[in-house]
There are 2 protein chains.
Amino acid sequence: MKVRTQMMYDMETLLRKVFKQIRNEINEILDKELSRNEFTILRILSEQGPKKVTEFAPILEVSASHITAVTDALVEKEWITRIRSKEDRRIIRIHITEAGEKVLQHFNEKKTEYFFKRFDCYTDAELATLIELFSKLDKKR
Amino acid sequence: MKVRTQMMYDMETLLRKVFKQIRNEINEILDKELSRNEFTILRILSEQGPKKVTEFAPILEVSASHITAVTDALVEKEWITRIRSKEDRRIIRIHITEAGEKVLQHFNEKKTEYFFKRFDCYTDAELATLIELFSKLDKKR
């Protein structure tokens, strides 16, 4: 049991360090052009379609006022647009624009490139093992 | 190469999903009693000793004004205290209190308990493999 305890501490420390490194490195890739939250909003709009601004607060775990600032910045850059619902004129949803889709695609490619390089340390067999083991941690399989 | 590309996409998606699940689950453990940033500040003060408030902004990747709000809350709870430097009276550092250390220890135990349960899906051998593979991703070994 001693060994297991030590392994768990090692795993916890490793996860924290690696998560932080990867997050910082991706932030550097996005840096200057768009924030992580801007990127996430574009990604979700592209994947899931138009949404109300208020729907993003729980997803991004930030305050409603912060979301408003982020969406204002995205509207300013013309990457998203606010459209009033035809069914219910009281509802306004944000939609990703064509320019927004292009920016998203550009950064997705840069991110994929980054992950390819970052995971270069693995053979195909190791990567397959890592995916298999890591899949066990995903509760929403 | 097609296989490798697909594996990389799988890995990227998995990492994002699992990181998010674990982060949310830990937030739930901390919830109500202290925020993640409060927890991180206590942990760093305990591990590294007293620090100036401004030193936390880059570590936590948040604004200086947000750090001030967080440290105010921690002082209010009497988990940290502000002490003026004897060498240079212009400098004020925050120190963790005995009560702060107790809170930190309590949540560290809860977090360790959580990780034990969360990684229960692995045999010792699988956990060892996961640590070995994941270590390769840590750039600051």
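Because the structure is predicted, anything quoted here is derived from the model rather than measured.

Asker: Provide a residue-level description of the nonpolar core, including the pertinent values.
Answerer: Among the nonpolar cores identified, the biggest contains 80 residues, and Phe119 and Phe134 of chain A together with Phe119 and Phe134 of chain B are the most heavily contacted of them. Sequence-distant contacts of Phe119 of chain B, that is, excluding residues within four places in its chain, are made with Arg4, Met8, Met11, Leu15 and Leu137 of chain A together with Leu127 and Leu130 of chain B.

Asker: How would you summarise the interface of chain B and chain A if you had to cite specific residues and measurements?
Answerer: In this assembly, 51 residues from chain B lie in contact with 50 residues from chain A. Surface buried jointly by chain B and chain A totals about 5300 Å² across both partners, of which 64% is contributed by carbon and sulfur atoms. On inspection of chain B and its partner chain A, the count reaches 8 salt bridges. Between Lys17 of chain A and Asp138 of chain B there is a salt bridge, with its nearest N and O atoms 2.9 Å apart. Broken down by secondary-structure element, the contributors of at least two residues to the side of chain B that touches chain A are α1 (2–30), α2 (36–48), α5 (98–118) and α6 (124–135) of chain B. When residues in the side of chain B that touches chain A are grouped by element, the largest group, 21 residues, is from α1 of chain B.

Asker: I'd like a rundown of the packing of aromatic side chains, residues and numbers included.
Answerer: Residue and element names in this part refer to chain A. In this structure the tally under the stated criterion is 8 aromatic pairs over all chains. On the numbers, 5.8 Å between centres and 40° between planes, the contact of Phe115 with Phe119 is tilted. Neither Phe115 nor Phe119 differs from the other in exposure class; each is buried. Seen in terms of ring centroids, Phe119 and Tyr122 are 5.9 Å apart; in terms of plane orientation they differ by 45°. Their pairing is tilted. Residue Tyr122 is classed as buried on the basis of its relative accessible area of 3%. Pairwise contacts between aromatic rings join Tyr114, Phe115, Phe119 and Tyr122 into one cluster.

Asker: Before we move on, could you go through the pattern of salt bridges and cite the residues and values that matter?
Answerer: Per the stated rule, a full pass over the model turns up 19 salt bridges over all chains. Among the ionic pairs, Arg90 of chain A bridges to Asp88 of chain A, the shortest N-O distance being 2.8 Å. Between Asp124 of chain A and Arg4 of chain B there is a salt bridge; the shortest N-O distance is 2.8 Å. Of this pair, Asp124 of chain A sits in helix α6 (residues 124–135) while Arg4 of chain B sits in helix α1, on two different chains.

Asker: So what's going on with the relation of the copies chain B and chain A? Which residues, and what values?
Answerer: Take chain B, turn it by 180°, move it 0.0 Å along the axis, and it overlays chain A with an RMSD of 0.0 Å. One copy is carried onto the other by what is essentially a two-fold rotation axis. Judged by C-alpha distance, Leu130 of chain B is the residue of chain B that lies nearest the rotation axis, at 3.4 Å. Comparing interface residues between copies, 98% of those in chain B also sit at the interface in chain A, which points to an isologous, same-surface contact.

Asker: Lay out the UniProt feature "domain: HTH marR-type" in chain A in plain terms, naming residues and giving numbers.
Answerer: Mapped onto this structure's residue numbering, the UniProt feature "domain: HTH marR-type" falls at residues 4–139 of chain A. Between the C-alpha atoms that bound residues 4–139 of chain A there is a distance of 22 Å. The span itself is 67% helix and 7% strand.

Asker: Could you give an account of the environment of Leu133 of chain B, with specific residues and numbers?
Answerer: When you line up the elements, Leu133 of chain B lands in helix α6. A residue is classified by how much of its surface remains accessible, and Leu133 of chain B, at 4% relative accessible area, is buried. Spatially, the C-alpha atoms of Leu133 of chain B and Ile44 of chain B are 27 Å apart, while their sequence positions differ by 89 residues. Every residue in contact with Leu133 of chain B, bar those within four places of it in the chain, is listed here: Tyr122, Glu126, Thr129 and Leu130 of chain A.

Asker: Which residues make up the UniProt feature "DNA-binding region" in chain A, and what values do they have?
Answerer: Following the UniProt record, the feature "DNA-binding region" maps to residues 53–76 of chain A here. For residues 53–76 of chain A, helix accounts for 75% and strand for 0%, while the C-alpha atoms at its two ends are 15 Å apart.

Calculation criteria
Residues numbered from 1 in each chain as written. Chains lettered and ligands numbered in written order. Predicted model: local features only at pLDDT ≥ 70, side-chain atom pairs only at ≥ 80, totals over all residues. Heavy atoms only, no water. Core = buried A, V, L, I, M, F, W, Y, C linked by side-chain atoms within 4.5 Å. Buried < 20%, exposed > 50% of the residue type's maximum accessible area, 1.4 Å probe, protein only. Contact = heavy atoms within 4.5 Å. Buried area = accessible area lost by both parts, 1.4 Å probe. Salt bridge = Lys/Arg side-chain N within 4 Å of Asp/Glu carboxyl O. Helix = DSSP H or I, 4+ residues; strand = E, 2+ residues; numbered from the N terminus. Phe/Tyr/Trp six-rings, centres within 6.5 Å; stacked < 30°, edge-to-face > 60°. Least-squares fit on C-alpha atoms with pLDDT ≥ 70 in both. UniProt positions renumbered as here; feature names shortened; annotations may be inferred.

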